[in-house]
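One-letter residues, chain by chain:
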Amino acid sequence: MHAYKTTSPRLAENEKVCVCVVDPYSTGAHVSAEAYYRGFKVLAVWTDECGELESHIPHEVAAIDDLYFAQIRYPSAEISTLAALGKAISDAATAADAKFEHIIAGGESGVKVTENLSELLGLRGNSTSGGFENRRDKKFQQEKVKEAGLRSVRQLQGTAWNSEVAAFCEQEVPLIIKPVESCGSDGVKLCKTMGEAEAHFNLLMTGQRKLGAQGAAVLCQEFLQGKEYVVDCVTRDGVHKTTFVWVYDKREANGGGFVYFGMIPVPSDDPVAKVLIDYTVGCIDALAIANGATHNEIMMTKDGPCLVEVNCRVHGHSGSRLAPPPPPAP
């Protein structure tokens, strides 16, 4: 196990400021650690949607004993509303001689709480008015991108396998069947037959109901053929900065259709990168994202770039690390 390292400066004035990170697993744990080493008082909120992902904490972050001055479960018997959650965070910050000023989504499951609470309390974040209460909704994302005049995926959402869903799938097969809310490739399957499509659709609906997921639904989408890229961005007050462009190395393995083998950096001056960045910024604007990190997955098809999904949080899996290329084959 190696020690956490950072170049972030520690500022004395930060010690009076509380930063709340919602569901700080994976890279979200690194977000907490970066805030901690800059001197902020860091508080964690764990939502019921986080589930077993709460255990996905990088070793070097888990070794920081006093990372959080407080941790709050939401919802709970004592804290059942966003207003109550906001008060609990503020009270905890006051008790620690700090003021609650910032809230950040640590993981995908924390996006809804983060955005709705920041809106309620008037903190820096993204507005949830005008139907934006759940930016995680993949169907909603595609609809807003289409409204903006950008290439979007053909899709149909359903909660039960019926004649309408079957007709769409028959027209599109092979097609993608996935949960309306997901992280990474969780639950995403390329279905090559109608039998596969129906079976996976029903599997996803059954699984979401067992987990008690709110707004449980399944998306049936056209299968985008091409290379899949990642465009990582950060936004403040509506100004977007691209931090990295990657191309995925995903392959079929171990019974899975989209297994991550790695990612390859794409130079920022590459003509493809420039097209991807322009398209991605259009998608971020279409979703009215004014603040925060976004991890954007884009497929470069024969018709140009097309959105796979916008994840309103930092790049997952504890971030990405650059490694030297393998030696040439002898």
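Note: the structure precedes this text.
Residues numbered from 1 in each chain as written. Predicted model: local features only at pLDDT ≥ 70, side-chain atom pairs only at ≥ 80, totals over all residues. Heavy atoms only, no water.

**Student:** Quick rundown of helix H5 (residues 138-147)? Include the residues and the values.
**Tutor:** Three or four residues apart is the spacing at which side chains of an α-helix point the same way, because the helix has 3.6 residues per turn. Within the sequence span of H5, burial applies to Lys138, Phe140, Gln141, Gln142, Lys144 and Val145. The inward-facing, buried residues of H5 contact strand S5 (155-158), strand S6 (175-179), strand S8 (218-222), helix H8 (271-286) and strand S13 (304-311). At the N-terminal boundary of H5, the capping side chain belongs to Asp137, with an oxygen 2.9 Å from the backbone nitrogen of Lys139. Where H5 terminates, the next one or two residues include Gly149, which has phi positive at roughly 85°. (Buried < 20%, exposed > 50% of the residue type's maximum accessible area, 1.4 Å probe, protein only. Helix = DSSP H or I, 4+ residues; strand = E, 2+ residues; numbered from the N terminus. Contact = heavy atoms within 4.5 Å. Polar contact = N/O pair within 3.5 Å; in protein donor to acceptor, adjacent residues only side chain to side chain.)

**Student:** Requested: an account of the packing of aromatic side chains, with residues and values cited.
**Tutor:** On inspection of all chains with the given rule, the structure shows 5 aromatic pairs. Ring plane angle 85° and centroid distance 5.1 Å describe the contact between Phe132 and Phe140, whose orientation is recorded as edge-to-face. Summarising the aromatic geometry, the rings of Trp161 and Phe201 are spaced 5.7 Å apart at their centres and angled 70° between planes, so their arrangement reads as edge-to-face. Here Trp161 is found in the loop between S5 and helix H6 (163-172), whereas its partner Phe201 is found in helix H7 (residues 194-211), with 40 residues between them in sequence. Looking at Lys250, its charged tip hangs above the ring of Tyr248, at a distance of 4.4 Å from the centre. (Phe/Tyr/Trp six-rings, centres within 6.5 Å; stacked < 30°, edge-to-face > 60°. Lys NZ or Arg CZ within 6 Å of the ring centre and 35° of its normal.)

**Student:** Describe the pattern of salt bridges, and please don't skip the residues or the numbers.
**Tutor:** What the rule picks out here adds up to 22 salt bridges. The partner of Glu252 in a salt bridge is Lys192, with the nearest N and O atoms 3.6 Å apart. In this pair, Glu252 sits in strand S10 (residues 239-253) while Lys192 sits in the loop between strand S7 (189-191) and H7, placing the two residues 60 residues apart along the sequence. Measuring nitrogen to oxygen at the nearest pair gives 3.1 Å for the salt bridge that ties Lys250 to Glu228. In this pair, Lys250 is assigned in strand S10 and Glu228 in strand S9 (residues 227-236), connecting sequence segments 22 residues apart. Lys250 sits in the partly exposed class, given a relative accessible area of 23%. A network of salt bridges, in which partner residues are shared, links Glu49, Glu108, Lys112, Arg136, Lys138, Lys178, Glu309 and Arg313. (Salt bridge = Lys/Arg side-chain N within 4 Å of Asp/Glu carboxyl O.)

**Student:** Outline H8, listing residues and values.
**Tutor:** With 16 residues, H8 should reach 22 Å at 1.5 Å per residue; the first-to-last C-alpha distance of 23 Å fits that figure. Where H8 is concerned, the buried positions are Ala273, Leu276, Ile277, Tyr279, Thr280, Cys283, Ile284 and Ala286. Residues of H8 that are buried sit in contact with H5, S9, S10, strand S12 (292-301) and S13. Looking at where H8 begins, the residue whose side-chain oxygen comes 2.7 Å from the main-chain nitrogen of Val272 is Asp270. Trailing H8 by a residue or two, Ala288 shows a phi angle of about 55°, which is positive. (Expected span 1.5 Å × (residues − 1).)

**Student:** Residues and numbers for the environment of Gly107, please.
**Tutor:** Inspection of the secondary structure assignment puts Gly107 in the loop between strand S4 (99-105) and helix H4 (111-121). We classify Gly107 as buried; its relative accessible area is 3%. With 47 residues separating them along the chain, Gly107 and Glu60 place their C-alpha atoms 18 Å apart.

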